[in-house]
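Read off the chains here:
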Amino acid sequence: MSLVRLKIKGISYSQTQNGAYALILNEVEGDRKLPIVIGAFEAQSIAIALEKEIKPPRPLTHDLFKNFADRFDIVIKQVIIHKLVDGVFYSSIICERDKIEEIIDARTSDAIALALRFNAPIFTYKTILDKAGIYLKFSSKESEKEDNDDSIVVDEILQEGETVEIDSGATDGFTELTVEELNKELDKAVANEDYEKAAKLRDEISKRN
């Protein structure tokens, strides 16, 4: 079976389903997206890895694993999303130590959070992408703001195989704050380990610069 390389498009959240997050993966050589439902903690961890400028005061679980692996010369070579059963994705982490490769079973959200920290490529099989891949339909307003694609909101992401309308609403009132106020709120969010809010604040600050 042929492998298809994926890249992270962003993390979406539902305005209608409380606490629902989806990690949006995009095939590197194509337009199909692979939406994977993940938990709030994993969403925060992945967002932190994507937002290079946000540094947690203490290491998160995936950061701790990275530090542990570095200490013992363990390298993650790649992550493969290898199975889809009843809407659940299964993944394997391909590790290497002393030129010996090991395959470790992992939740897809954890595997991707670690792949980001090791700069490891993410793959899936073509058969999985054919089955679960979708095309996200952007509005004209969204098309003019491609830089904000990583903050898309997907309310129907759990409906497998359907074309999904995208809305980039939800600014949490940040647009009313000055840059100085945004930076203060960002510092508070990081100090309180509210990384989801910190990521949104960083996005708003980036728009102003």
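Quick caveat: nothing in here was measured; it's all calculated off a predicted structure.

For the rest of this paragraph, the subject is the nonpolar core. Counting residues in each nonpolar core, the largest one holds 40 residues, and the members touching the most others are Leu-23, Leu-25, Leu-34, Ile-46, Ile-81, Phe-89 and Ile-93. Element by element, the count of residues in this core is highest for helix α3 (residues 108-118), at 7 residues. Leaving out residues up to four positions away in the same chain, Leu-25 has contacts with Leu-6, Lys-7, Ile-8, Lys-9, Arg-32, Lys-33, Leu-34, Ile-36, Ile-81 and Ile-112. Ile-48, Leu-60, Val-190 and Ile-205 belong to the second largest nonpolar core, which has 10 residues in total.

A few words on the sheet that holds strand β6 (residues 100-107). Backbone-to-backbone hydrogen bonds join strands into a sheet, with any given pair of strands oriented parallel or antiparallel. One open sheet accounts for 7 strands, arranged β3-β2-β1-β7-β4-β5-β6; its pairing is mixed. Since the sheet does not close on itself, it has two edges, and those belong to β3 (33-38) and β6, each with one partner. With direction set aside, neighbouring strand axes in the sheet form an average angle of 35°. Here strand β1 (residues 3-13) runs beside strand β7 (residues 122-125); their pairing, made up of 4 bridges, is antiparallel. Bridge pairing in β7 places Arg-5 opposite Phe-123.

This brings us to the pattern of salt bridges. Considering all chains together, one arrives at 10 salt bridges under this definition. The salt bridge partner of Glu-27 is Arg-32, with a shortest N-O separation of 3.0 Å. Assessed through its relative accessible area of 7%, Glu-27 is described here as buried. Overall, Arg-32 belongs to the buried group, its relative accessible area being 16%. We note a salt bridge from Lys-66 to Asp-70, for which the minimum N-O separation is 2.7 Å.

At Asp-73, a residue that is not glycine, the phi angle is positive and equals roughly 55°. Here Asp-73 shows up in the loop between α2 (61-71) and β4 (75-85).

A separate point is α2. All of the buried residues in α2 are His-62, Asp-63, Lys-66 and Ala-69. Seen along its axis, α2 keeps its buried residues to an arc of 125°; they face one direction. Within α2, the exposed residues directed more than 90 degrees away from the buried face are Thr-61, Leu-64 and Arg-71. Tucked into the core, α2 has its buried residues touching α1 (40-50) and α3. At the exit of α2 stands Asp-73, carrying a positive phi of roughly 55°.

Following both chains from N to C, one finds α2 and α3 inclined at 55°, their axes separated by 10 Å at the closest point. By the angle class used here, α2 and α3 are oblique. Here α2 runs over α3; the crossing is right-handed. Along its contact with α2, which presents His-62, Asp-63, Phe-65, Lys-66, Ala-69 and Asp-70, the element α3 presents Asp-110, Ala-113, Leu-114, Arg-117 and Phe-118. In terms of residue class, the contact of α2 with α3 is built from 5 nonpolar, 1 polar and 5 charged.

Rules of the game
Residues numbered from 1 in each chain as written. Predicted model: local features only at pLDDT ≥ 70, side-chain atom pairs only at ≥ 80, totals over all residues. Heavy atoms only, no water. Core = buried A, V, L, I, M, F, W, Y, C linked by side-chain atoms within 4.5 Å. Buried < 20%, exposed > 50% of the residue type's maximum accessible area, 1.4 Å probe, protein only. Helix = DSSP H or I, 4+ residues; strand = E, 2+ residues; numbered from the N terminus. Contact = heavy atoms within 4.5 Å. Pairing = 2+ DSSP bridges. Axes fitted to C-alpha atoms, helices over the stretch in contact; angles between N-to-C directions. Salt bridge = Lys/Arg side-chain N within 4 Å of Asp/Glu carboxyl O. Arc of directions from axis to C-beta. Parallel < 35°, antiparallel > 145°, perpendicular 65-115°, else oblique. Left-handed = near helix turned anticlockwise from the far one by under 90°. Nonpolar A, V, L, I, M, F, W, Y, C, P; charged D, E, K, R; others polar.

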